[in-house]
Amino acid sequence: MAETTKRMTALVTGASRGIGLAIARELADIGYNLALVARSEGALKQAAAEIEAAGAVKVKPIAADLSNEESYGRIVKETAAAFGTLDLLVNCAGLAQQGSFTDVEPAEWDRIFAVNAKAPFFICKEALPWLKQSQKPIIINIASVVGFKGYINQSVYSSSKHALTGFTKVLAKEVQPFGIRVHLISPGGVATEMVKKMRPDIKPEELLQPEEIAEIVRFLVTRKGTGTIDQFYLRRYSSLAFD
Ligand SMILES: NC(=O)c1ccc[n+]([C@@H]2O[C@H](COP(=O)([O-])OP(=O)(O)OC[C@H]3O[C@@H](n4cnc5c(N)ncnc54)[C@H](OP(=O)(O)O)[C@@H]3O)[C@@H](O)[C@H]2O)c1
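Right, let's walk through the structure included here. Remember, predicted model here, so these are calculated numbers, not experimental data.

Relative to the helices and strands, Asp 230 is located in the loop between α7 (210-222) and β7 (231-234). Beyond its immediate stretch of four places on either side in the chain, Asp 230 contacts Val 182, His 183 and Leu 184.

This is the structure we're talking about:
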């Protein structure tokens, strides 16, 4: 990229590991400057150092607990202060839950909904004024196949991803007049720490790789053409087709 060309900026939540980190690496490769958000400051700093060493982009690690309402505005402000723009928001941070709905306490329900559904909703709201100023504004929400179907013992997780899926459908329409593209990516089992805890029954070789989700993000943000792709639903090859 020519030195005179202004880089675009991406804010990626859940970027300390797993799918979010793979997306961050992919976006850096395309040339986005990055704001990376998660609770683990050490892991974020390590990711930032690795990504900056590999290329020419700048990376700002932002430690934040997305279950706290104060984080929504702060992460957007810190991103804009560092780079002066916000062109792409990737809501990827998420928390899993496993067990019968009869064992769920209200505090656990609140915690999972706070990170999986409430945070993306309000981060989108905070990001909107910045995205409206972008030449190529995009929001990508990472939901799950359980945003469409229900797996036994994942009642809260599945409900929260249904909430995120539903919000994304409305968001896409409400920001359409501003030229902001909104994409929903709904993966099946991906080989990350989360799935190790939730689905130890799935053979590791059958899982998707985080890089496959990052590849879809690259496709969405780099593709040419006038058409728009609302969503990707990506399942493990061993799961039932069109189920
Ligand atoms: N793995 C799968 O099979 C799968 C399938 C479909 C969808 N997804 C979705 O993909 C996204 C990424 O999942 P993953 O598989 O990569 O899981 P992961 O490896 O457990 O990563 C989760 C990420 O979210 C961050 N996070 C969790 N709680 C947070 C909080 N309170 N505040 C800020 N950041 C928080 C974590 O960082 P810290 O712990 O450092 O805060 C981490 O970066 C999630 O939304 C998940 O629901 C995953």
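The next subject is α7. Under the 1.5 Å per step criterion, the end-to-end length of α7 is 19 Å for 13 residues, consistent within 8% with the ideal 18 Å. Buried within α7 we find Pro 210, Ile 213, Ala 214, Ile 216, Val 217, Leu 220 and Val 221. When α7 is viewed along its axis, its buried side chains cluster within an angular range of 155° and face the same direction. Those residues of α7 that are buried are in contact with α1 (18-30), β4 (88-91), β5 (138-142), β6 (181-187) and β7.

Before going further, it helps to examine the nonpolar core. By size, the foremost hydrophobic cluster in this structure holds 36 residues, and its most contacted members are Ile 23, Leu 27, Leu 34, Leu 36 and Ile 140. Those elements that provide at least two residues to this core are β1 (9-13), α1, β2 (33-38), α2 (41-54), β4, β5 and α7. With seven residues, α1 is the single largest residue contributor to this core. When near neighbours in sequence (up to four residues on either side) are disregarded, Ile 140 contacts Leu 88, Leu 89, Val 90, Asn 91, His 183, Ile 185, Val 217, Leu 220 and Val 221. Judged by nonpolar contacts, the second largest core, of 29 residues, contains Tyr 72, Leu 89, Val 115 and Ala 127.

A separate point is the packing of aromatic side chains. Scanning the entire structure with this criterion turns up six aromatic pairs. With centroids separated by 6.2 Å and ring planes inclined at 90°, the aromatic side chains of Phe 219 and Phe 232 adopt a geometry described as edge-to-face. Of this pair, Phe 219 sits in helix α7 while Phe 232 is found in strand β7, placing the two residues 13 residues apart along the sequence. Three or more aromatic residues link up through ring pairs in this structure, and these residues are Tyr 72, Phe 121, Phe 122 and Phe 167. One Lys or Arg, Lys 132, reaches over the ring of Phe 178 and ends 4.2 Å from the middle of that ring. In this structure, Arg 199 is placed above the aromatic ring of Tyr 151, and the distance from its NZ or CZ to the ring centre is 5.3 Å.

Before going further, it helps to spend a moment on the environment of Lys 136. Here Lys 136 lies in the loop between α4 (106-131) and β5. Residue Lys 136 is classed as partly exposed on the basis of its relative accessible area, which comes to 28%. Considering only alpha carbons, one finds Lys 136 and Leu 208, 72 residues apart in sequence, at a separation of 29 Å. Beyond its immediate sequence surroundings of up to four residues, Lys 136 is in contact with Met 8, Asp 87, Arg 181, Val 221 and Thr 222. Within the local environment of Lys 136, its side chain forms a polar contact with the backbone oxygen of Val 221, the two atoms lying 2.4 Å apart.

With that settled, the discussion passes to the pattern of salt bridges. Summed over all chains, the structure comprises 12 salt bridges. The closest approach of N and O atoms between Lys 149 and Asp 243, which form a salt bridge, is 3.8 Å. Here Lys 149, found in the loop between β5 and α5 (155-175), pairs with Asp 243, found in the segment after β7; they are 94 residues apart in sequence, far enough to count as distant. Close ionic contact of Lys 203 with Glu 206 constitutes a salt bridge, the shortest N to O distance being 3.8 Å. Salt bridges linked by common partners bring Glu 26, Asp 29 and Arg 218 together as one network.

Turning our attention to the side chain of Thr 9. Relative to the helices and strands, Thr 9 resides in strand β1. When its relative accessible area of 0% is taken as the criterion, Thr 9 is described as buried. Setting aside chain neighbours within four positions, we find Thr 9 in contact with Tyr 32, Asn 33, Thr 79, Phe 83, Thr 85, Leu 86, Asp 87 and Leu 88.

Our focus in this paragraph is the site of the ligand. The ligand sits among 31 residues. The nearest are Arg 39, Ser 40, Tyr 157, Val 190 and Thr 192. Within the side chain of Ser 16, an N or O atom sits 2.7 Å from an oxygen atom of the ligand. Between Arg 39 and the ligand, the recorded distance is 2.7 Å, taken from a side-chain N or O atom to an oxygen atom. For the ligand, the accessible surface in isolation is 880 Å², of which the surrounding protein chains cover 97%. More than half of the atoms belonging to the ligand lie within 2 Å of the grid points that define the largest pocket. At the level of elements, α1, α5 and α6 (193-198) are the ones that each hand at least two residues to the shell around the ligand. It is α6 that provides the largest number of residues to the shell around the ligand, a total of three residues.

Reading the values: the criteria
Think of each chain on its own: its residues are numbered from 1, step by step along the sequence as written. A pLDDT threshold of at least 70 governs which residues receive local features in this predicted model, and a stricter bar of 80 or more applies before side-chain atom pairs are shown or counted, although totals over entire chains, interfaces and linings include all residues. The basis for every side-chain value is the complete set of non-hydrogen atoms in the structure, without hydrogens or water. Where helices and strands are cited, they refer to DSSP runs of H or I of at least four residues and of E of at least two residues respectively, numbered from the N terminus. By the convention used here, residues are in contact when the closest approach between their heavy atoms is within 4.5 Å. Expected span of a helix: the number of residues minus one, times 1.5 Å. Partly exposed residues are those whose accessible area sits between 20% and 50% of the maximum for their type, while under 20% is buried and over 50% is exposed, using a 1.4 Å probe and protein chains only. To obtain the arc, one takes the directions from the helix axis to the C-beta atoms. Definition of nonpolar core: a set of buried residues of the types Ala, Val, Leu, Ile, Met, Phe, Trp, Tyr and Cys, connected through side-chain atoms within 4.5 Å. A pair of aromatic rings is counted whenever rings of Phe, Tyr or Trp (Trp by its six-membered ring) have centres within 6.5 Å, and the orientation is called stacked for planes under 30 degrees apart, edge-to-face for over 60 and tilted otherwise. Placement of a positive charge over a ring is assigned whenever Lys NZ or Arg CZ falls within 6 Å of the ring centre and within 35 degrees of the normal to the ring plane. Counted as a polar contact is a pair of N or O atoms within 3.5 Å, where, for protein atoms, one must be capable of donating a hydrogen and the other of accepting one, and residues adjacent in sequence contribute only when both atoms are in side chains. We define a salt bridge as a contact between a side-chain nitrogen of Lys or Arg and a carboxyl oxygen of Asp or Glu at a distance within 4 Å. Throughout this document, a residue counts as near a molecule or strand when at least one of its heavy atoms sits within 4 Å of that molecule or strand. Per-residue and other accessible areas were derived by the Shrake-Rupley procedure at a 1.4 Å probe size, with only the shown protein chains allowed to occlude residues. Here a cavity denotes a set of grid points, spaced 1 Å apart and computed over the protein atoms alone, in which a 1.4 Å probe fits but from which it cannot get out, and a pocket denotes an open set meeting protein on both sides within 12 Å along at least five of seven lines; residues with an atom within 4 Å of a point are reported as lining. Throughout, a molecule is located in a cavity or pocket provided that more than half of its atoms lie within 2 Å of its grid points.

Note that all results are geometric; they support no functional claim without further evidence.
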